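Listed below are the residues making up each chain.
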Amino acid sequence: IASILIRLKVDETTLIVGILYDSLSSGQVSKEELLAAFGEEVVTLVETGSKISSIPYRQSNQQQVENFRKMFVSMARDLRVILVYLAVRLNAMRNIGYRQEQEQINCARETLEIYAPLANRLGISWLKGELEDLSLQVLEPEEYDALARRITAHKKERGEYVEKVRKQICHLLAQNNLQGNVTGRFKHFYSVYRKMQRTGVGLEQIYDLT
């Protein structure tokens, strides 16, 4: 969790909250001990996170899912709490194989419906993409494996192509005295899967893998 938060470039307080996020709810320490060691700000954020994690989530229609997201955000108040719980969820999804099968399915659905959209709204595309891919791996393992095999088979060639185009664009920017950074990436497996489902086409007809 700490390493994920470091990648998100959070402040020291948020990092401490990420490490201690379940310390009160699990009964490992008392509120007084936490106050003495880390101060009121950390305790307030940990308590807020504990309240949010205690809300029961039930999959329902789209409007109720949206209402749950809004409730999550309104209870968090401080953006740092949301960042902590995105990191906690990503860590949980990375280690989901240790859970019972039905728990895995419930966690993956909740991740797709609540946490990935929150990451998207905050503009954290890498976190959103990883949450979605990990969820797909649980919910549709055969489709995930088939996509992973076919997409990864040509990863080296696509990587070289991306770098070639990136250099060309950088050269054009320099020619026109424009400052800018150019990056490239591969489409996440879940994005490819969704596009195939939405359009009814096969992988060979998806032209924006890079």
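All values reported here derive from a predicted model rather than from experimental measurement.

Trainee: Now, about helix α10 (residues 155-175): what can you tell me, with residues and values included?
Mentor: With 21 residues, α10 should reach 30 Å at 1.5 Å per residue; the first-to-last C-alpha distance of 30 Å fits that figure. Among the residues trailing α10, asparagine 177 stands out with phi positive, at a value near 55°.

Trainee: Go over the packing of aromatic side chains with me, naming the residues and quoting the values.
Mentor: Applying the stated criterion across every chain, the model contains 3 aromatic pairs. Here tyrosine 144 and phenylalanine 189 contribute two aromatic rings whose centre-to-centre distance is 5.3 Å and whose plane-to-plane angle is 80°, an arrangement assigned as edge-to-face. Linking tyrosine 144 in helix α9 (residues 141-152) with phenylalanine 189 in helix α11 (residues 189-199), this pair joins segments that are 45 residues apart in sequence. Phenylalanine 189 gets classed as buried once you look at its relative accessible area, which sits at 15%. With centroids separated by 6.4 Å and ring planes inclined at 35°, the aromatic side chains of tyrosine 190 and tyrosine 193 adopt a geometry described as tilted. On the criterion of helical spacing, the pair formed by tyrosine 190 and tyrosine 193 is a turn pair, its members being 3 residues apart in helix α11. What makes tyrosine 190 buried here is its relative accessible area of 14%. Directly above the ring of tryptophan 126 sits arginine 7, whose terminal nitrogen or CZ lies 3.7 Å from the centroid.

Trainee: So what's going on with the environment of glycine 184? Residues and values would help.
Mentor: Within the secondary structure, glycine 184 is located in the loop between α10 and α11. Spatially, the C-alpha atoms of glycine 184 and tyrosine 161 are 9.7 Å apart, while their sequence positions differ by 23 residues.

Trainee: Requested: an account of the packing of helix α6 (residues 79-94) against helix α7 (residues 101-121), with residues and values cited.
Mentor: Packing of α6 against α7 leaves a shortest axis separation of 11 Å and a crossing angle of 145°. Note on packing geometry: the crossing formed by α6 with α7 is left-handed. From α6, Tyr85, Leu86, Arg89 and Met93 reach across to α7, where they touch Cys107, Ala108, Glu110, Thr111, Tyr115, Leu118 and Ala119. When its residues are assigned to classes, the contact of α6 with α7 shows 8 nonpolar, 1 polar and 2 charged.

Trainee: Which residues make up the environment of phenylalanine 72, and what values go with them?
Mentor: Counting through the fold element by element, phenylalanine 72 comes out in helix α5 (residues 62-76). Here the alpha-carbon distance between phenylalanine 72 and valine 43, two residues 29 residues apart in the chain, equals 19 Å. Contact partners of phenylalanine 72, with chain neighbours within four places excluded, come to Ile52, Ile82, Tyr85, Tyr115 and Leu118.

Trainee: Lay out the environment of glycine 49 with the relevant residues and their values.
Mentor: Relative to the assigned elements, glycine 49 resides in helix α4 (residues 40-53). In this structure glycine 49 comes out as buried when scored by relative accessible area, which is 0%. As for glycine 49 and phenylalanine 72, which are separated by 23 residues in sequence, their C-alpha atoms are 9.8 Å apart.

Trainee: Report on the nonpolar core, specifying residues and quantitative values.
Mentor: With 38 residues, the main nonpolar core has Leu8, Phe72, Leu86, Met93, Tyr115, Leu127 and Leu131 as its most contacted residues. Elements supplying a minimum of two residues to this core: α1 (2-7), α2 (12-20), α4, α5, α6, α7 and α8 (125-139). Considering each element in turn, this core owes the most residues, 10 residues, to α6. Apart from residues no more than four positions distant in its own chain, tyrosine 115 is found in contact with Phe72, Tyr85, Leu86, Arg89, Glu110 and Leu131. Counting residues in hydrophobic clusters, the runner-up holds 10 residues, among them Tyr144, Ile151, Val192 and Leu203.

Trainee: Lay out α8 in plain terms, naming residues and giving numbers.
Mentor: End to end, α8 covers 21 Å across 15 residues, agreeing with the expected 21 Å (1.5 Å per residue, within 8%). Considered for burial, the residues of α8 that qualify are Leu127, Lys128, Gly129, Leu131, Glu132, Asp133, Leu134, Ser135, Leu136 and Val138. Here the buried face of α8 lies against α6, α7, α9 and α11.

What counts, and where the lines are drawn
- Residues numbered from 1 in each chain as written.
- Predicted model: local features only at pLDDT ≥ 70, side-chain atom pairs only at ≥ 80, totals over all residues.
- Heavy atoms only, no water.
- Helix = DSSP H or I, 4+ residues; strand = E, 2+ residues; numbered from the N terminus.
- Expected span 1.5 Å × (residues − 1).
- Phe/Tyr/Trp six-rings, centres within 6.5 Å; stacked < 30°, edge-to-face > 60°.
- Buried < 20%, exposed > 50% of the residue type's maximum accessible area, 1.4 Å probe, protein only.
- Lys NZ or Arg CZ within 6 Å of the ring centre and 35° of its normal.
- Axes fitted to C-alpha atoms, helices over the stretch in contact; angles between N-to-C directions.
- Left-handed = near helix turned anticlockwise from the far one by under 90°.
- Contact = heavy atoms within 4.5 Å.
- Nonpolar A, V, L, I, M, F, W, Y, C, P; charged D, E, K, R; others polar.
- Core = buried A, V, L, I, M, F, W, Y, C linked by side-chain atoms within 4.5 Å.

By themselves, these are just geometric observations and shouldn't be taken as functional.
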